[in-house]
Amino acid sequence: MIYKIGFHGMVEIVSNLKNALLRLENYETELLIIGIHILGIHDEKEQNLAIIESIIKKYPDLKIIIISKSATTKEQGIYRKIGFKGCIIYGISQPDLGQVLMNVRNGE
């Protein structure tokens, strides 16, 4: 997550939904990167997407990026329709990751 405390930006790794929601409620959050790690478990993936959809509805200006090992082009299209701003595949190079984050921050 990237969020602000006063005039200072914070980058923090949050490992569970409860802590993420707490920060969303208490800080002006600019960017949320969510790892989708579940492979082949359709029900859990759908459940996680439903939770994330509720976050998008509550915080419509929040920029959310998915990071995944296996997001297919079709899945990436579904994520974008839900409201995700981008998708990163694990193993992305650091310069490419930096460019993706800058593109999303700039509204692309």
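Note that the structure is predicted; figures quoted are calculated from it, not measured.

What to know about the overall build of the protein chain
Phase 1: Helix and strand counts for the protein chain stand at four helices and five strands.
Phase 2: In summary, the protein chain has a C-alpha radius of gyration of 14 Å against a globular reference of 13 Å for 108 residues, a match within 12%.
Phase 3: In terms of its C-alpha atoms, the protein chain occupies a principal-axis envelope of roughly 40 × 30 × 25 Å.
Phase 4: In the protein chain, which comprises 108 residues, the share counted as buried stands at 32%.
Phase 5: Long-range pairs, those at least 24 residues apart, make up 51% of the contacts in the protein chain with a sequence separation of at least 6.
Phase 6: Computed over 13 positive and 12 negative side-chain charges, the separation of the two mean positions in the protein chain equals 1 Å.

Some details on the pattern of salt bridges
Phase 1: Taken as a whole and assessed by the stated rule, the structure comprises one salt bridge.
Phase 2: Among the salt bridges present, the one from R23 reaches E12, with a minimum N-O distance of 2.8 Å. Of the two residues, R23 sits in helix α1 (residues 17-26) while E12 sits in the loop between β2 (8-11) and α1, which places them eleven residues apart along the sequence.
Phase 3: The exposure class of R23 is buried, given its relative accessible area of 17%.

A few points about the side chain of K63
Phase 1: For K63, the location among the structural elements is in strand β4 (residues 63-68).
Phase 2: With no salt bridge to any partner, buried K63 finds its closest opposite charge in E30, at an N-O distance of 5.2 Å.
Phase 3: Among residues more than four places away in sequence, those in contact with K63 are E30, L31, L32, K85, V104 and R105.

Comments concerning the sheet that holds β2
Phase 1: Strand order in the open sheet made by the five strands is β2-β1-β3-β4-β5, with mixed pairing throughout. Each edge of the open sheet carries a strand with a single partner, namely β2 and β5 (86-89). Neighbour to neighbour, the strand axes of the sheet diverge by 30 degrees on average, direction disregarded.
Phase 2: Relative to strand β3 (residues 28-36), strand β1 (residues 2-5) is paired through three bridges, and the arrangement is antiparallel. Looking at the pairing, K4 lines up with E28 of β3.
Phase 3: Against the sheet, helix α4 (residues 94-105) engages β3, β4 and β5, with an angle of about 155 degrees to β4.

Examining the packing of aromatic side chains
Phase 1: The tally for this structure, following the rule as stated, stands at one aromatic pair.
Phase 2: Geometrically, the ring pair formed by Y79 and F84 is edge-to-face, given 5.5 Å between the ring centres and 65 degrees between the ring planes. Each member of the pair, Y79 as well as F84, is classed as buried.

Remarks on the nonpolar core
Phase 1: Grouped together as the largest cluster of nonpolar side chains are 20 residues, with contacts concentrated most on I52, L62, I64, I66, Y79 and F84.
Phase 2: Of all elements in the fold, only α1, β3, α2 (42-58), β4 and α3 (73-82) reach the threshold of two or more residues within this core.
Phase 3: Top contributing element to this core by residue count: α2, with four residues.
Phase 4: Among residues more than four places away in sequence, those in contact with F84 are L49, I52, I56, I64, I66 and Y79.
Phase 5: Counting residues in hydrophobic clusters, the runner-up holds seven residues, among them I2, I67, I88 and L101.

The rules behind the values
Residues numbered from 1 in each chain as written. Predicted model: local features only at pLDDT ≥ 70, side-chain atom pairs only at ≥ 80, totals over all residues. Heavy atoms only, no water. Helix = DSSP H or I, 4+ residues; strand = E, 2+ residues; numbered from the N terminus. Rg over C-alpha atoms; globule rule 2.2 N^0.38 Å. Buried < 20%, exposed > 50% of the residue type's maximum accessible area, 1.4 Å probe, protein only. Contact = heavy atoms within 4.5 Å. Lys, Arg positive; Asp, Glu negative; His and termini not counted. Charge placed at Lys NZ, Arg CZ, Asp CG, Glu CD. Salt bridge = Lys/Arg side-chain N within 4 Å of Asp/Glu carboxyl O. Pairing = 2+ DSSP bridges. Axes fitted to C-alpha atoms, helices over the stretch in contact; angles between N-to-C directions. Phe/Tyr/Trp six-rings, centres within 6.5 Å; stacked < 30°, edge-to-face > 60°. Core = buried A, V, L, I, M, F, W, Y, C linked by side-chain atoms within 4.5 Å.

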